[in-house]
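Understanding the architecture of this molecule
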Amino acid sequence: MSGLFSSSEYSTWFKELKDNISQARHRAALALNSGLVEMYWLLGSRIIQKERESSWGSAFVERLSRDLSFEFPDMKGFSRRNLYAIRQWYLFYSPLSPNVPQAVAQIPWGHNRLIISKIKDYEEALWYARSVVEHGWSRDVLELKIDKNEYQRIGKSLTNFTSTLPASHSELAQETLKDPYNFDFLGLEDEAQERAIENALTARITDFLLELGKGFAFVGRQVKLAVSDNEYFLDMLFYHLDLRCFVVIELKAGKFKPEYAGKLNFYLSAVDSQMKRPGDNPSIGILLCRKKDSIEVEYALRDINKPIGVSDYILTQAVPADMAPRLPTVEELEDELVRRISRDIQEEDKDA
């Protein structure tokens, strides 16, 4: 006896099956990548060992590249260029790690090559590798984060979190903030006013969210708060999915002033009273200023009872007049871009 075919039941079943297959593929891809990186670690180890035991010189790597490519024609990654990258990568990590670090083994080889080409510090390199695993950064995003010195800026904001938030929440909140924030993607110069910066950030909200980091969800700009008979407007309001709280961001075009902290403290009280829901943590405020004095910030935040962080932000700098003649034209930049793309394609073909 056959039952009637249920389209909705099948759709539900198929979605579960598709999710299971996708997860299995992801695990298989991770396992394959980890196996490749482990193989490169072994290869790097053997190359360095043989170089130390013998005096074969650079011809050794060239010969090895040809022989490996001949013996394993279906495998990529044995080009002379890639073998030198494997060697450099192994030498970078091996003095402090007998085996390939876990996070390093989990990220694609292209990400690994990028990190060691730009980073010279072991702990910083591991931080970027862990961030790729945690956030799923593409190679382009990773390069952007490195170029903007993400590691040097994260957790550096001046805050009062230790005195206004529970210890477990304070540490996560501190690691969420940066100093300075880099707004060079806006294309604005130092003289830009607060509203112009706010307008540009809203228009480029995707880039702004990328700069803010993981967990920020945009709620709105110029969000109205009614307190008694008065209306107040928040520059920008976010909700942080990991911190489980609202985040109020106030923009100031000039230097930090102590009164800014008092006003933001007032805003946070209003948000907690009017918008905070059961289960939400206390709202956090971020003051973004063109510059600040650390001692002034410390004094201003010392007796504030709401969690506030103060960070600088960077806009695109105006080009000094004496440098302008030495800068390339748009046509020259376009030609160089075409040359680089062609060169990268040729190099990828060689690696393949």
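Scope of this entry: the structure provided in the associated data block. (Residues numbered from 1 in each chain as written. Predicted model: local features only at pLDDT ≥ 70, side-chain atom pairs only at ≥ 80, totals over all residues. Heavy atoms only, no water.)

Let's shift gears to unusual backbone geometry. For Gln-222, which is not glycine, the phi dihedral falls at a positive 50 degrees. Note that Gln-222 resides in strand β3 (residues 216-227). Unlike most non-glycine residues, Arg-244 shows phi in positive territory, near 55 degrees. (Helix = DSSP H or I, 4+ residues; strand = E, 2+ residues; numbered from the N terminus.)

Among the structural elements, Ser-311 can be located in strand β7 (residues 308-314). Residue classification places Ser-311 among the buried residues on the basis of a relative accessible area of 0%. At 2.9 Å, the side chain of Ser-311 and the side chain of Ser-157 are in polar contact. (Buried < 20%, exposed > 50% of the residue type's maximum accessible area, 1.4 Å probe, protein only. Polar contact = N/O pair within 3.5 Å; in protein donor to acceptor, adjacent residues only side chain to side chain.)

With that out of the way, let us pick up the pairing of strand β6 (residues 284-291). Most of β6 sits out of view: seven of its eight residues are buried. Note that the unit made of strand β5 (residues 245-255), helix α13 (residues 258-274) and β6 has a crossover that is right-handed. Relative to β7, β6 runs parallel, the two being bridged by five bridges. Within the sheet, the bridge partner assigned to Cys-289 lies in β7 and is Asp-312. Each parallel crossover has a hand, and for β6 linked through helix α14 (residues 294-302) to β7 it is right-handed. (Right-handed = clockwise from strand over helix to strand, strands pointing away. Pairing = 2+ DSSP bridges.)

This part takes up the layout of surface pockets. The method is simple in principle: a probe with the dimensions of a water molecule rolls over the atoms, and the space it marks as empty is what remains. Of the volumes computed, that of the second largest pocket is approximately 480 Å³. The wall of the second largest pocket is formed by 21 residues, among which Glu-134, His-135, Ile-154, Glu-175 and Lys-214 lie closest to the centre. Secondary-structure elements contributing two or more residues to the lining of the second largest pocket are α6 (122-135), α10 (167-176) and α12 (205-212). Considering each element in turn, the lining of the second largest pocket owes the most residues, five residues, to α6. (1 Å grid on protein atoms, 1.4 Å probe; cavity = no way out; pocket = protein on both sides within 12 Å on 5 of 7 lines; lining within 4 Å. Points joined across faces, edges and corners; volume = space filled by probe spheres on them.)

A complete count under the given rule lists 18 salt bridges for this structure. The partner of Arg-63 in a salt bridge is Asp-67, and the shortest N-O contact between them spans 2.8 Å. Placement of both Arg-63 and Asp-67 in helix α2 (residues 59-71) is noted, with a separation of four residues, approximately one turn of the helix. Look at the salt bridges and you will find they share partners, linking Lys-145, Glu-150, Arg-153 and Glu-211 into a network. (Salt bridge = Lys/Arg side-chain N within 4 Å of Asp/Glu carboxyl O.)

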